[in-house]
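Here's the letter readout for the chains.
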Amino acid sequence: METSRVGILGSGDVGQALGRGFARHGWDVMLGTRSPDELRASIGDLASVAVGSFSDAAVHGDVVVLAVLGDAAETVVEMAGPENFAEKLVFDATNPLDFSSGEVHLSLGGTDSLGERIQNALPDASVVKCFNTVSNSQMIDPEFEEGTPPMFICGNDEEAKARTEEILVELGWPGVMDVGDITAARYLEALVPLWVRVGSNLGTWKHAFKVVQ
Ligand SMILES: NC(=O)c1ccc[n+]([C@@H]2O[C@H](COP(=O)([O-])OP(=O)(O)OC[C@H]3O[C@@H](n4cnc5c(N)ncnc54)[C@H](OP(=O)(O)O)[C@@H]3O)[C@@H](O)[C@H]2O)c1
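Residues numbered from 1 in each chain as written. Predicted model: local features only at pLDDT ≥ 70, side-chain atom pairs only at ≥ 80, totals over all residues. Heavy atoms only, no water.

## What to know about empty space enclosed by the protein
Part 1 of the argument: Applying the stated rule across the entire model yields two cavities of 30 Å³ or more.
Part 2 of the argument: Together, T133, V134, P149, P150, M151, F152, W173, A208 and F209 line the largest cavity.
Part 3 of the argument: Of the residues belonging to the lining of the largest cavity, the class tally is eight nonpolar, one polar and no charged. (1 Å grid on protein atoms, 1.4 Å probe; cavity = no way out; pocket = protein on both sides within 12 Å on 5 of 7 lines; lining within 4 Å. Points joined across faces, edges and corners; volume = space filled by probe spheres on them. Nonpolar A, V, L, I, M, F, W, Y, C, P; charged D, E, K, R; others polar.)

Here it is as structure tokens:
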């Protein structure tokens, strides 16, 4: 493996699940947040994981994961400093979801996506949409009763997607389902309201989509 330092921008369920999981696999992890002191005081069993600002975490990682509220994703990239992502592999786990009506809706979509906006904001980085279509509890060392499907990913850089697959295999995935360039983030993000509805109907949050032929 080429790299073992990951900066995770986000301290919510996803940031903490990824932090714990990457650390378990031997990675040197830093979580980024607006409130490092508060996070340090509250993370308990994540104490072996370093904590810093969003920019500290972006600087720390050879690989950087964006795992913040979708509506804040572009702001967080600005806060972290786009120059701190240059030449790096960036996993975008975010989704543009709006729960304000009580139902889940996309807050953007159609001919746009957060994946594309993040790639546009970080022209010197290789953004791969990744982790956004599965529950935080299944992101690392996933276990599905009917077998673990490949992770849906997309992005513009073939080499970055090949590295992504290597990393995901290390983290317990069987491989990736590459659905194309970063414009495919429109459809990976659009899967998520369906994922929420299916989970609600089945009464589980440990499901995932799989392509069968
Ligand atoms: N939950 C899941 O299982 C799951 C699965 C797949 C994808 N996702 C996606 O992953 C992302 C993270 O989800 P999550 O469940 O961990 O929690 P979340 O509540 O969506 O995000 C929490 C993070 O967003 C940051 N944040 C919130 N508002 C902000 C603002 N105004 N300015 C700057 N930062 C702000 C928080 O910063 P602080 O650290 O400073 O509080 C925190 O780090 C979301 O885009 C979500 O759609 C979630």
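## Digging into the site of the ligand
Part 1 of the argument: In the vicinity of the ligand lie 23 residues, with S11, T33, R34, V68 and N136 positioned nearest.
Part 2 of the argument: Side-chain polar atom of N136 to an oxygen atom of the ligand: 2.9 Å apart, as the coordinates give it.
Part 3 of the argument: Within the complex, 74% of the 890 Å² of free accessible area of the ligand lies under protein.
Part 4 of the argument: Taken atom by atom, the bulk of the ligand overlaps the largest pocket.
Part 5 of the argument: Per-class residue counts for the shell around the ligand are 11 nonpolar, 10 polar and two charged. (Near = heavy atom within 4 Å. Polar contact = N/O pair within 3.5 Å; in protein donor to acceptor, adjacent residues only side chain to side chain. Areas by Shrake-Rupley, 256 points an atom, 1.4 Å probe, with all protein chains shown as cover. Sits in = over half its atoms within 2 Å of the grid points.)

## With respect to the layout of surface pockets
Part 1 of the argument: Looking at the largest pocket, its volume works out to about 630 Å³.
Part 2 of the argument: If you trace the largest pocket, you find 24 residues lining it, with V14, A93, N95, L97 and F99 closest to the centre.
Part 3 of the argument: When contributions to the lining of the largest pocket are tallied by element, the ones reaching two or more residues are α1 (13-24) and α7 (185-202).
Part 4 of the argument: It is α7 that contributes the most residues to the lining of the largest pocket, three residues altogether.
Part 5 of the argument: Residues belonging to the lining of the largest pocket are distributed by class as follows: 14 nonpolar, eight polar and two charged.
Part 6 of the argument: Taken as a whole, the second largest pocket spans an internal volume of roughly 280 Å³.
Part 7 of the argument: Looking at the second largest pocket, it is lined by 13 residues, and the ones nearest its centre are F144, E145, E146, K206 and H207.
Part 8 of the argument: For the lining of the second largest pocket, the class distribution of residues is four nonpolar, four polar and five charged. (Helix = DSSP H or I, 4+ residues; strand = E, 2+ residues; numbered from the N terminus.)

## Some details on the nonpolar core
Part 1 of the argument: I8, F22, F91 and F131 are the most contacted members of the largest nonpolar core, which totals 33 residues.
Part 2 of the argument: Of all elements in the fold, only β1 (5-9), α1, β2 (28-32), β4 (63-66), β5 (89-92), β9 (151-155) and α6 (158-170) reach the threshold of two or more residues within this core.
Part 3 of the argument: The contacts of F131, once residues within four sequence positions are left out, are L18, F22, F91, A93, M139, M151, L168 and L171.
Part 4 of the argument: A58, A125, I182 and A184 belong to the second-largest nonpolar core, a separate cluster that totals 26 residues. (Core = buried A, V, L, I, M, F, W, Y, C linked by side-chain atoms within 4.5 Å. Buried < 20%, exposed > 50% of the residue type's maximum accessible area, 1.4 Å probe, protein only. Contact = heavy atoms within 4.5 Å.)

## Some words on the state of the cysteines
Part 1 of the argument: Using the criterion set out here, one finds zero disulfides in the structure.
Part 2 of the argument: With no disulfide of its own, C154 lies 9.7 Å from the sulfur of C130, the closest cysteine sulfur.
Part 3 of the argument: For C154, a relative accessible area of 0% gives the class buried. (Disulfide = S-S within 2.5 Å.)

## Focus: the UniProt feature "domain: Pyrroline-5-carboxylate reductase catalytic N-terminal" (unreviewed entry) in the protein chain
Part 1 of the argument: Here, the residues flagged by UniProt with the feature "domain: Pyrroline-5-carboxylate reductase catalytic N-terminal" (unreviewed entry) are residues 5-96.
Part 2 of the argument: Spanning residues 5-96, this segment combines 37% helix with 23% strand, and its end C-alpha atoms are found 27 Å apart. (UniProt positions renumbered as here; feature names shortened; annotations may be inferred.)

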